[in-house]
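# Structure assessment
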Amino acid sequence: MNKHKFEDLDVDKFLAPENQKRSVIAPDGSIVEVDPLKDYFCQDRPEVLKPKNGPVEKFLNWARAESLWVLGFGTGCGSIEIPPLVTPRFDMYRYGVQMRPTPRQSNVFIISGYLSVKTLKRAIRSYEQMPSPKYIIALGSCTINGGMYWDSYNTINRLDHYMPVDVYIAGCMPRPEALLAGFGKLKELIKAGKAEKANEYAENFDWYKANQKKIIKDWNMPDYNW
Amino acid sequence: MKDLIKDIESRFEVSDYIQKLDHLAFVTVEKEQAIALVTYLRDYRKFTSLTLLTAVDWLEDGVFQLTYLLNNPSELTEIGVRVMIDRENASMESAHHLWENMMTYQRELREMFGIDFPGSPRINEDFILEGWGDLPPYRRDFDTKVYSEETYFPRPGRQSNDPATYMKSKMYPNE
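Summarised in this report is the structure supplied together with it. (Residues numbered from 1 in each chain as written. Chains lettered and ligands numbered in written order. Predicted model: local features only at pLDDT ≥ 70, side-chain atom pairs only at ≥ 80, totals over all residues.)

## Topic: the overall build of chain A
- The helix and strand inventory of chain A stands at eight helices and seven strands.
- Along the three orthogonal principal directions, the C-alpha set of chain A runs to about 55 × 45 × 35 Å.
- Going through the 226 residues of chain A one by one, you find that 32% of them count as buried.
- Put simply, 77% of the contacts in chain A that link residues at least 6 apart link residues at least 24 apart. (Helix = DSSP H or I, 4+ residues; strand = E, 2+ residues; numbered from the N terminus. Buried ≥ 20, exposed ≤ 12 C-beta atoms within 10 Å, placed from the backbone. Contact = placed C-beta atoms within 7 Å.)

Encoded structure:
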């Protein structure tokens, strides 16, 4: 790829070089116009997932609650509380909880502590790539009111203004037992059909996007990263 | 270490000198001579390793204090070269040609303190903060609490207590 100088291009200066419009020579010699933001991403807004009728939804919710696949994405000091869950002492596999390496395979996102603006951008991107139904567990007091970083210039205070939170786990830091209790609470909510925050995100999409764009100044990605 | 300081004083104008430990000293020199002194220490006095380049904001005096901390691995000694530069339009000669990692330190200072190093590679690119538009956050006249309250939707009802008095009232209410 050519090396771009930001000043030379007549585009948004925050747009990453790989996301800029350009023409590419195809193997047969023809020239193809590429606009990565339109070609590689779906521009559709997220949709509300309507529940199926009675017993079917109940069965689905039971199935969802028993296989929580967690995205391996640690954001703050709390990410150190997750590895012990995989060890025999706490053993989260017995609850049907396991780690996955990519957002496309996971349905639970643990925001494990403080989020800087830079990480928030990546967290939003990962969250939107996860398939619905999906849930967020917010770990630690930093996600509730900023915790000890409440007056920092670069960490957010309230996670629920940027991403929809299903379960909060308070503490600084919560022990792995608290995290297991949080999974238990999430299971209860899912089985009762109350873990509907992903739908809330789709319904209030404009409000969430306005909040996110207020603090992420270099918005160089599509509005919805599906 | 004393020979070294005598040697430096004979060659450069040292305005201040502090011996902190047997193997650690700080010298303050003029802005014009700093890079020459750093180069001399690296090439002739075996201070081959750059430990760090950092800045302190002396808001009341209107200056930034830059410290080039150099390490001599063969004699296990360390020397800090201090420079005072003006806070207004802060700018310093770039030293990216001496060590490769100097460029990264200079980018950081450019972003966090707003100190310019003309000629340093990628100096104006974003380093840690992305799309920052306010005062550089490590400057002491930047109020991080006000910025946070205006930007990050503080949750109302936050209280803080003095731990000693709070615990006393909880545990020994009658005393």
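## With respect to the pairing of strand β2 (residues 31–34) of chain A
Residue and element names in this part refer to chain A.
- Alignment of strand β1 (residues 22–25) against β2, held across four bridges, turns out to be antiparallel. Residue pairing in the sheet places R22 in a bridge with V34 of β2.
- Where β1 folds back onto β2 in an antiparallel hairpin, the turn is made up of five residues, including G29, whose phi is positive at roughly 95°. (Pairing = 2+ DSSP bridges.)

## A word on the interface of chain B and chain A
- Contacts between the two partners involve 15 residues from chain B and, on the opposite side, 15 residues from chain A.
- For the side of chain B that touches chain A, a count of residues per class yields six nonpolar, five polar and four charged. (Nonpolar A, V, L, I, M, F, W, Y, C, P; charged D, E, K, R; others polar.)

## So, helix α6 (residues 176–191) of chain A
All names here are of chain A.
- The terminal C-alpha atoms of α6 lie 23 Å apart, and with 16 residues this matches the ideal 22 Å at 1.5 Å per residue to within 8%.
- Residues L179, G182, F183, L186, K187 and I190 constitute the buried set of α6. Around the axis of α6, the buried residues are gathered within 145° of arc, so they sit on the same side.
- The inward-facing, buried residues of α6 contact α2 (54–66), β3 (68–71), α3 (83–86), β4 (97–100), β6 (135–139) and β7 (167–169).
- Just past α6, the residue G193 takes up positive phi, approximately 75°. (Expected span 1.5 Å × (residues − 1). Arc of directions from axis to C-beta.)

## Thoughts on the pairing of strand β5 (residues 108–112) of chain A
Residue and element names in this part refer to chain A.
- Within β5, five of the five residues are buried, leaving the element largely enclosed by the surrounding structure.
- Residues V108, I110 and S112 point to one face of β5 and F109 and I111 to the other, with burial holding for every one of them.
- Sheet analysis places β5 next to β6, joined by five bridges and oriented parallel. Within the sheet, the bridge partner assigned to V108 lies in β6 and is Y135.
- Handedness of the β5-helix α4 (residues 117–129)-β6 crossover: right-handed. (Right-handed = clockwise from strand over helix to strand, strands pointing away.)

## Describing the sheet that holds strand β4 (residues 63–72) of chain B
Residues and elements named next belong to chain B.
- The mixed open sheet is built from five strands, whose spatial order is β1-β2-β5-β4-β3. In the strand order of this sheet, the two ends are held by β1 (14–21) and β3 (49–58), each with one partner. Within the sheet, the average angular offset between the axes of one strand and its neighbour, ignoring direction, is 20°.
- Two elements, strand β2 (residues 24–29) and strand β5 (residues 77–86), share six bridges in a ladder whose sense is parallel. Of the residues in β5, the one forming a bridge with V27 is V81. (Axes fitted to C-alpha atoms, helices over the stretch in contact; angles between N-to-C directions.)

## A look at the nonpolar core
- Ranked by internal contacts, the top residues of the largest apolar core, which has 44 residues, are F109, I111 and I137 of chain A.
- Elements with a contribution of two residues or more to this core: β3, β5, α4, β6, β7, α6 and α7 (197–203) of chain A.
- Listed in part, the 27 residues of the second largest apolar core include F64, L70, V81 and V83 of chain B. (Core = buried A, V, L, I, M, F, W, Y, C linked by C-beta atoms within 7 Å.)

## Observations regarding unusual backbone geometry
- In this chain, S132 of chain A is followed by P133 of chain A through a cis amide linkage whose omega measures -5°.
- With respect to the helices and strands, the residue P133 of chain A is situated in the loop between α4 and β6.
- Here the bond from C172 of chain A into M173 of chain A is cis, since omega is -15°, no more than 30 degrees from zero.
- Position of M173 of chain A relative to the elements: it lies in the loop between β7 and α6.
- In this model, L76 of chain B sits at a positive phi of 55°, which is unusual for a non-glycine residue.
- The topology assignment puts L76 of chain B in the loop between β4 and β5.

## Some remarks on helix α2 (residues 31–44) of chain B
Residue and element names in this part refer to chain B.
- Look at α2: 21 Å from first C-alpha to last across 14 residues, which is about the 20 Å you get at 1.5 Å a residue.
- Within α2 the residues assigned to the buried category are A34, L37, V38 and L41. What you see down the axis of α2 is that its buried residues fit within an arc of 100°, all on one side. Opposite its buried face, α2 presents the exposed residues E32, D43 and Y44, each directed more than 90 degrees away.
- Turning to α2, the residues buried within the fold contact α1 (2–11), β2, β4 and β5.
- A positive phi of about 65° marks K46, the residue just after α2.

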